Amino acid sequence: MRQSAPPQLRARACCNMNENNPKTSPVASVSDGLKQGSVIGVQIGCMAVVITLGALLLGLWLDGLLHTSPWLTIGLLLISMPLSVFAVFRFALRAARLLNARNEKLEDKSV
C-alpha cells in the first residue's frame, strides 16, 4: 500500500509557488545557496587546516629523524602556505563551476 505525504508537506508543496518557477520559491533558492556556500566554506577551511597540519607533523617528524630541528618544520610550513592558498583557490573555482552548471540545468528544465 502506498503512503502519501503528511498533510504538512502536501500543504507546503502547494504554497511554494512564484511567477517564474511554480516548484520553488525565492526563499527556498536563497536558503539552498546559503547551505551550499557554507558547505563549500567548511570544506575549504578544513582543507587549509589539513595541509598546514600535515606540513607541521611531517616537518616535526623529519626534524626528529634527521636532527635538523627546527629548519625542516619551518621550511615545510612556509611551503604549505602558498600550497594551501593554491588548493583553496582551485577548489573554490571547481565548486563555482559545478554550481553554475547545476543551476543552468535547473533553469533549462524549468523553461
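Since the model is a prediction, treat every value here as computed from it, not as a measurement. (Residues numbered from 1 in each chain as written. Predicted model: local features only at pLDDT ≥ 70, side-chain atom pairs only at ≥ 80, totals over all residues. Heavy atoms only, no water.)

Draft legend 1. Quick peek at the confidence of the model for the chain. In the predicted model, the chain carries a mean pLDDT of 81, and 74% of its residues have values of at least 70. Mean pLDDT per element in the chain: helix H1 (residues 7–15) is the minimum at 51, and helix H3 (residues 71–110) is the maximum at 90. (pLDDT = per-residue confidence, 0-100. Helix = DSSP H or I, 4+ residues; strand = E, 2+ residues; numbered from the N terminus.)

Draft legend 2. Examining a nonpolar patch on the surface more closely. A contiguous nonpolar patch, built from Leu58, Trp61, Leu65, Leu66 and Leu72 and spanning about 500 Å² of accessible area, is present on the exposed surface. No other element matches helix H2 (residues 26–66), which puts 4 residues into the nonpolar patch. Relative to the helices and strands, leucine 65 is located in helix H2. (Patch = residues over 30% accessible without salt bridge, like charges linked within 9 Å, V, L, I, M, F, W, Y side chains within 5 Å. Areas by Shrake-Rupley, 256 points an atom, 1.4 Å probe, with all protein chains shown as cover. Salt bridge = Lys/Arg side-chain N within 4 Å of Asp/Glu carboxyl O.)

Draft legend 3. Representation of the environment of phenylalanine 91 in the model. With respect to the helices and strands, the residue phenylalanine 91 is situated in helix H3. The spatial distance from the C-alpha of phenylalanine 91 to the C-alpha of isoleucine 40 is 8.8 Å, given a sequence separation of 51 residues. Residue contacts for phenylalanine 91: discarding those within four places in its chain leaves Ile40, Gln43, Ile44 and Met47. (Contact = heavy atoms within 4.5 Å.)

Draft legend 4. Structural view of the nonpolar core. The biggest cluster of nonpolar side chains holds 5 residues, and these are Ile40, Ile44, Phe91, Ala95 and Leu99. Listing elements by their share of this core, those giving two or more residues are H2 and H3. With 3 residues, H3 is the largest single contributor of residues to this core. For leucine 99, the contacting residues outside a window of four places in its chain are Gln36 and Ile40. (Core = buried A, V, L, I, M, F, W, Y, C linked by side-chain atoms within 4.5 Å. Buried < 20%, exposed > 50% of the residue type's maximum accessible area, 1.4 Å probe, protein only.)

Draft legend 5. The side chain of aspartate 63, seen in detail. Inspection of the secondary structure assignment puts aspartate 63 in helix H2. No salt bridge is formed by the buried aspartate 63. Its closest oppositely charged neighbour is arginine 90, at 29 Å. At 3.1 Å, the side chain of aspartate 63 forms a polar contact with the backbone nitrogen of leucine 72. At 2.6 Å, the side chain of aspartate 63 and the side chain of threonine 73 are in polar contact. Once you skip the residues sitting within four places of it in the chain, aspartate 63 turns out to touch Thr68, Ser69, Pro70, Trp71, Leu72 and Thr73. (Lys, Arg positive; Asp, Glu negative; His and termini not counted. Polar contact = N/O pair within 3.5 Å; in protein donor to acceptor, adjacent residues only side chain to side chain.)

Draft legend 6. Just the side chain of serine 84, in detail. For serine 84, the location among the structural elements is in helix H3. The buried category is assigned to serine 84, whose relative accessible area is 9%. Side-chain polar atoms of serine 84 contact the backbone oxygen of methionine 81, separated by 2.9 Å. Apart from residues no more than four positions distant in its own chain, serine 84 is found in contact with Ala48 and Ile51.

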